[in-house]
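Summary of the model geometry
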2 protein chains.
Amino acid sequence: MTSTERTPRNTRQRAEVRDAVAANPAFATSQTIHDRLRHEGSKVGLATVYRTLQAMAASGELDTIRTPDGQIAYRTCTPGHHHHLVCRSCGRTVEIDLPGLEATTRRIAGEYGFAEIDHEVEFFGTCSSCA
Amino acid sequence: MTSTERTPRNTRQRAEVRDAVAANPAFATSQTIHDRLRHEGSKVGLATVYRTLQAMAASGELDTIRTPDGQIAYRTCTPGHHHHLVCRSCGRTVEIDLPGLEATTRRIAGEYGFAEIDHEVEFFGTCSSCA
DNA sequence: GATCTTCATGACAATCATTCTCATTTAGAC
DNA sequence: GTCTAAATGAGAATGATTGTCATGAAGATC
């Protein structure tokens, strides 16, 4: 995996996107980030935001989730594996730990002969401020 | 919830869709089901397949997942809450049980003041036949 | 069985997130 | 400063899903 990685160039746009994501702890979609940047006067293109966020997520710099309606949302990542409890209306996020989940998964996968297991575990709810 | 439900009419199309989903234990998208039906000579419209599958899922008749690339896939449902281990290439599915997950979730949600918790937990891997 | 009301259907247009294309710009190496 | 490959921007293209609306058929009623 690490052998095929390339170091991306340091462009103004990439820095702007990185800052915009880091500025807010809630999950945000590419479109949201793009809007935010445009409102701040940036001239970044939508496609660039999509490409940059995708690349950052691939390199492990960002966490991604798929919102209930199918959109991809990004958020600056805390190192270490974890899951999220996301507020459906404001996007506020809490990182949660699910001890034993990994082990259970591997055990079950082994039982059924599945390899290269990947999991998508997210929780959605309404946070106290939005209730 | 039960008060707003309506019993759908028994149309030929609805029966065809139901049969097509039941015929295959793997998760399939609306488009796939539609293709299958057309190949069998059916004249169902794509929109009808979408609407029917959606309605069946809403009534609890079908399970749904979102594939890694964002599409919605359906499968005949075994009663009771459970999660899935899905083969990325053939869609073969194993229903798995994650004891304690519900309880852990509720506890964590309570700690952070989140309400109406919903979770999306799916596992993807490569099954033995596809490896 | 004929009639009527209402929901379901089908064909196609519309939507919307995401990706592609390609001409232009620019980061970073020399 | 020059050069070259990678990054960008604008807009077109894609593709899953949903909306529209005229037509058809379930199922209730007679």
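Residues numbered from 1 in each chain as written. Chains lettered and ligands numbered in written order. Predicted model: local features only at pLDDT ≥ 70, side-chain atom pairs only at ≥ 80, totals over all residues. Heavy atoms only, no water.

1. Topic: the sheet that holds strand E1 (residues 28-29) of chain A
Residues and elements named next belong to chain A. What the 3 strands build is an open sheet, ordered E1-E3-E2; its pairing is antiparallel. Of all strands in the sheet, those with a lone pairing partner are E1 and strand E2 (62-66), marking the two edges. Here E1 runs beside strand E3 (residues 72-76); their pairing, made up of 2 bridges, is antiparallel. In the strand pairing of E3, Thr 29 is matched with Ala 73. (Pairing = 2+ DSSP bridges. Helix = DSSP H or I, 4+ residues; strand = E, 2+ residues; numbered from the N terminus.)

2. A word on the protein's contact with DNA strand D
Surveying the vicinity of DNA strand D reveals 21 residues, the closest of which are Thr11(A), Gln13(A), Thr48(A), Tyr50(B) and Gln54(B). Counting only the atoms of DNA strand D within 4 Å of the protein, the fraction contributed by sugar and phosphate is 62%. Taking Arg51(A), its side chain carries an N or O atom lying 2.8 Å from a base nitrogen of DNA strand D. Looking at the surface near DNA strand D, the elements that each hand over two or more residues are helix H1 (12-22) and helix H3 (46-58) of chain A together with helix H3 (46-58) of chain B. No other element matches the 4 residues that H3(B) contributes to the surface near DNA strand D. (Near = heavy atom within 4 Å. Polar contact = N/O pair within 3.5 Å; in protein donor to acceptor, adjacent residues only side chain to side chain.)

3. What to know about the interface of chain A and chain B
Listed per partner, the contact involves 35 residues of chain A and 35 residues of chain B. Each partner contributes to the roughly 2800 Å² buried at the junction of chain A and chain B, and carbon and sulfur atoms together form 63% of this total. On the surface where chain A and chain B come into contact, there are 0 salt bridges. Elements with a contribution of two residues or more to the side of chain A that touches chain B: strand E4 (83-87), strand E5 (93-96), helix H4 (101-112) and strand E6 (115-126) of chain A. (Contact = heavy atoms within 4.5 Å. Buried area = accessible area lost by both parts, 1.4 Å probe. Salt bridge = Lys/Arg side-chain N within 4 Å of Asp/Glu carboxyl O.)

4. Some words on the domain arrangement of chain A
Residue and element names in this part refer to chain A. Assigned domains within chain A: domain 1 (1-77) and domain 2 (79-131). Distance from the C-alpha centre of domain 1 to the C-alpha centre of domain 2: 21 Å. Between domain 1 and domain 2, the residue contacts involve 11 residues of the former and 11 residues of the latter. Among the residues domain 1 hides against domain 2, the three largest losses belong to Phe 27, Ile 65 and Arg 75. Together they make up 47% of the total. Taken together, the connections running from domain 1 to domain 2 amount to 1 salt bridge. Counting every contact that joins domain 1 to domain 2 gives 4 residue pairs in polar contact (both at pLDDT 80 or more). No other element matches the 4 residues that E2 contributes to the side of domain 1 that touches domain 2. (Domains from an automatic or database assignment.)

5. Some details on H4(A)
Its 12 residues place the ends of H4(A) 17 Å apart at the C-alpha level, agreeing with the 16 Å of an ideal helix rising 1.5 Å per residue. Considering only its buried residues, H4(A) is in contact with E4 and E6 of chain A together with strand E4 (83-87), strand E5 (93-96) and strand E6 (115-126) of chain B. Remark: Gly113(A) follows H4(A) within two positions and exhibits a positive phi of approximately 70°. (Expected span 1.5 Å × (residues − 1).)

6. Overview of the pattern of salt bridges
All names here are of chain A. Evaluation of the coordinates by the stated rule reveals 8 salt bridges over all chains. In this structure, Arg 75 and Glu 95 form a salt bridge, with 3.0 Å as the shortest nitrogen-oxygen distance. Of this pair, Arg 75 sits in strand E3 while Glu 95 sits in strand E5; the two residues are 20 residues apart in sequence, bridging distant segments of the chain. Classification of Glu 95 as partly exposed rests on a relative accessible area of 26%. (Buried < 20%, exposed > 50% of the residue type's maximum accessible area, 1.4 Å probe, protein only.)

7. Describing the side chain of Thr67(B)
Within the secondary structure, Thr67(B) is located in the loop between strand E2 (62-66) and strand E3 (72-76). Of the residues examined, Thr67(B) reaches a relative accessible area of 16% and is grouped as buried.

8. A short note on the sheet that holds E6(A)
Within a sheet, neighbouring strands are paired by backbone hydrogen bonds and run either parallel or antiparallel to one another. Strand order in the open sheet formed by 6 strands is E5(A)-E4(A)-E6(A)-E6(B)-E4(B)-E5(B), and the pairing between neighbours is mixed. Because the sheet does not close on itself, it has two edges, and the strands there are E5 of chain A together with E5 of chain B. When the angles between neighbouring strand axes are averaged without regard to direction, this sheet yields 20°. Pairing analysis gives 4 bridges linking E4(B) to E6(B), with the strands arranged parallel. Each bridged residue has a counterpart across the sheet, and for His84(B) the counterpart in E6(B) is Glu122(B). Here H4(A) sits on the sheet and contacts E4 and E6 of chain A together with E4, E5 and E6 of chain B; the angle it forms with E6(A), its principal contact strand, is near 135°. In the packing of helix H4 (residues 101-112) of chain B onto the sheet, contacts are made with E4, E5 and E6 of chain A together with E4 and E6 of chain B, and the angle to E6(B) comes to roughly 135°. (Axes fitted to C-alpha atoms, helices over the stretch in contact; angles between N-to-C directions.)

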